[in-house]
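# Notes for the structure review
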Amino acid sequence: RGFDFLGYRIVSEKSAKNRKLVGKPYIPKPKLKALRTRIKVMTARSQIHRSLESLLQELNPLIRGWRTYFRHAVGATKEFATLDWWLWRRVFRWLRKKHRGIGTHALRRRYRRLTPTGARVWGEGARTLATFRDGGTTPYPDRGTNFPGPWAPGIPRLRMDARTVRITLNALNRHFGAPSAVG
């Protein structure tokens, strides 16, 4: 249902304002899966030789860029909360692999920081883990609902049969001097 456009999944749904069909942007499931796969590679067992600070230096731009790009999606707040929970657990598991002999409470005392808002994040030195929710979400500015397309049923859509396509292509080829390619 819907189609992909510029990284978003556009789905035809009724508007909350006027109950007309509009295209609503969602974060596609394959994009979420690709992001998690990329983070898993960064926090793999083979990467435990790195410091937490260098890991955060690599993760933070990815998180900030991703949340800035997808902040207009419908349901972004829920997806961001789920990603934050998953990322916090993923970094915690990476730290436990890195420091096998240290207990859970000692790890938390050593690496957990409090933000000015009181949220708990992982950090080392001056660097802390960015979260997806920090950037906030904003609805995409309402551009109106009267554009031609499958979500605006009142406006006629362009329909062309094979004969019309052939005539149009031949006319374009004659105009631009190319030989007629279509029978």
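Residues numbered from 1 in each chain as written. Predicted model: local features only at pLDDT ≥ 70, side-chain atom pairs only at ≥ 80, totals over all residues. Heavy atoms only, no water.

## Focus on the sheet that holds strand 2 (residues 8–14)
Taking strand neighbours across the sheet as the criterion, the 3 strands line up as 1-2-3 in an open arrangement whose pairing is antiparallel. Each having just a single partner strand, strand 1 (3–5) and strand 3 (21–26) make up the two edges of the open sheet. This sheet shows a mean twist of 45° between the axes of neighbouring strands, independent of strand direction. Examined bridge by bridge, strand 2 and strand 3 share 6 bridges and lie antiparallel to one another. By the bridge assignment for strand 3, Ile10 is matched with Pro25. (Pairing = 2+ DSSP bridges. Helix = DSSP H or I, 4+ residues; strand = E, 2+ residues; numbered from the N terminus. Axes fitted to C-alpha atoms, helices over the stretch in contact; angles between N-to-C directions.)

## Describing the pattern of salt bridges
This model, assessed by the stated rule, comprises 5 salt bridges. One salt bridge in this structure joins Lys24 and Glu13, with 4.0 Å as the shortest N-O distance. With Lys24 in strand 3 and Glu13 in strand 2, this residue pair connects regions lying 11 residues apart in the sequence. The same class applies to Lys24 and to Glu13, which are both buried. (Salt bridge = Lys/Arg side-chain N within 4 Å of Asp/Glu carboxyl O. Buried < 20%, exposed > 50% of the residue type's maximum accessible area, 1.4 Å probe, protein only.)

## With respect to helix 1 (residues 29–42)
The end-to-end C-alpha distance of helix 1 is 20 Å, a good match for the 20 Å that 14 residues give at a rise of 1.5 Å each. Buried residues of helix 1: Leu32, Leu35, Ile39 and Met42, and no others. The buried side chains of helix 1 occupy one side of the element, clustering within an arc of 80° when seen end-on. Exposed side chains of helix 1 directed beyond 90 degrees from the buried face belong to Lys29, Pro30, Lys33 and Val41. Taken together, the buried residues of helix 1 touch helix 2 (52–69) and helix 3 (76–98). (Expected span 1.5 Å × (residues − 1). Arc of directions from axis to C-beta. Contact = heavy atoms within 4.5 Å.)

## Focus on the nonpolar core
Core analysis: the biggest nonpolar cluster contains 32 residues, and Leu52, Leu59, Trp66, Leu87 and Trp122 have the highest contact counts within it. Considering each element in turn, this core owes the most residues, 10 residues, to helix 3. With near-sequence residues (within four places) excluded, Trp66 lies in contact with Ile27, Lys31, Leu32, Leu35, Phe80, Leu83 and Phe132. (Core = buried A, V, L, I, M, F, W, Y, C linked by side-chain atoms within 4.5 Å.)

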